[in-house]
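Structure at a glance
This is what each chain is made of:
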Amino acid sequence: HTVHLGKFTNTTGLYGAVNSTANPTVQNYEKKKEPHFGGRTVLEHHFNAGSSLIEWSAGMEFQKGNFHYNTYKNVAGKPDSLRIEDKLEVQQFTAFAQAAWHYQNWMISAGASINRLQFDFRRRSTTATIHEQKQFSGEFVPRFAVLYKISKTVAAYVNIANGFSPPAADEIFADNNSYNLALAAEKGWNYRSEE
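Now for a description of the structure that goes with this document.

Conventions we followed
Residues numbered from 1 in each chain as written. Predicted model: local features only at pLDDT ≥ 70, side-chain atom pairs only at ≥ 80, totals over all residues. Heavy atoms only, no water. Helix = DSSP H or I, 4+ residues; strand = E, 2+ residues; numbered from the N terminus. Buried < 20%, exposed > 50% of the residue type's maximum accessible area, 1.4 Å probe, protein only. Polar contact = N/O pair within 3.5 Å; in protein donor to acceptor, adjacent residues only side chain to side chain. Salt bridge = Lys/Arg side-chain N within 4 Å of Asp/Glu carboxyl O. Core = buried A, V, L, I, M, F, W, Y, C linked by side-chain atoms within 4.5 Å. Pairing = 2+ DSSP bridges. Axes fitted to C-alpha atoms, helices over the stretch in contact; angles between N-to-C directions.

1. Some remarks on the side chain of Asp86
Of note, Asp86 is situated in strand E5 (residues 78-103). Since its relative accessible area comes to 0%, Asp86 is described here as buried. Polar side-chain contacts of Asp86 include one of 2.6 Å to the side chain of Arg123.

Right, here's the structure in full:
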C-alpha cells in the first residue's frame, strides 16, 4: 500500500504464507508445516538542492516463522509412531537507510542496514528433549556506490558493499533427523567496478 504524505511517500506491505509438505522415505515419514508472516515499510523523499537532486529512503522489515517438523516411522507408506518432533521459531528484523546525490553526470549513493536474527529450536524425541537458541544481533551492513555517465549509453560504476547472509531454515535442517545451529552467517566485502 502506498501513501503520499506531502513530499514524502510511504510504501507498506504485509504478507503471510504457509508451506506444508509430506515426504515418505524408506524408513521415515516426514511432515513439515512452515507458517510465516512479515511486513516492510519504507519512507521515501526526494528534493532539489540547487542544481542537484537528493533522494533518501529509510525503513524496516520484520519476518517471523513458526516451523514444525515431525518425523514418523514409515509403515507401508503411512506415518506411524512419532520419532522426532522439531519446532523452530525464526525472527528477523532489519532497519535500513539510503541516500543518493545526483549532480550533472554523477550519482553517489550510500546506505546501511542493521540486522537482528534469532533462532529458537526445540526437539522432542523418544531419547531426549533439546532446547537451543542462536542469535545474530547488531549486524551492521554498509554500502557505497559512485556512478559517472560518460555518455547517454556508457557509464562507469564502482560499488563497495558489506554482506551479511544468515543461514536459512532449510540449511539448518538438511533433513528432519539432523540439524546444525552452529552454522555461521556468510560475511564479506564485495568490490565491483564496471564500465
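2. Some points on the pattern of salt bridges
Evaluated as defined, the whole model comprises six salt bridges. Of the charged contacts, one joins Lys64 and Glu89 as a salt bridge, the two residues approaching to 3.9 Å between their closest N and O atoms. Here the residue Lys64 occupies a position in strand E4 (residues 52-75), and Glu89 occupies one in strand E5, the gap between them amounting to 25 residues. In the salt-bridge network here, residues are joined through shared partners; they are Glu85, Lys87 and Arg124.

3. Some details on the nonpolar core
Ranked by size, the top nonpolar core spans 14 residues in total, and within it Phe67, Leu88, Val90, Phe119 and Phe136 carry the most contacts. Within the residue set of this core, elements represented by two or more residues are E4, E5, strand E6 (106-125), strand E7 (129-149) and helix H1 (169-172). The element best represented in this core is E6, accounting for three residues.

4. So, the sheet that holds strand E3 (residues 28-49)
An order of E1-E2-E3-E4-E5-E6-E7-E8-E9 is seen for the nine strands of this open sheet, with the pairing classed as antiparallel. At either margin of the open sheet sits one strand with a lone partner, and together these are strand E1 (2-5) and strand E9 (186-194). Across the sheet, the axes of successive neighbouring strands diverge by a mean angle of 10°, strand direction being ignored. Sheet analysis places strand E8 (residues 155-165) next to E9, joined by nine bridges and oriented antiparallel. When the bridges of E9 are listed, Val158 appears paired with Ser193.

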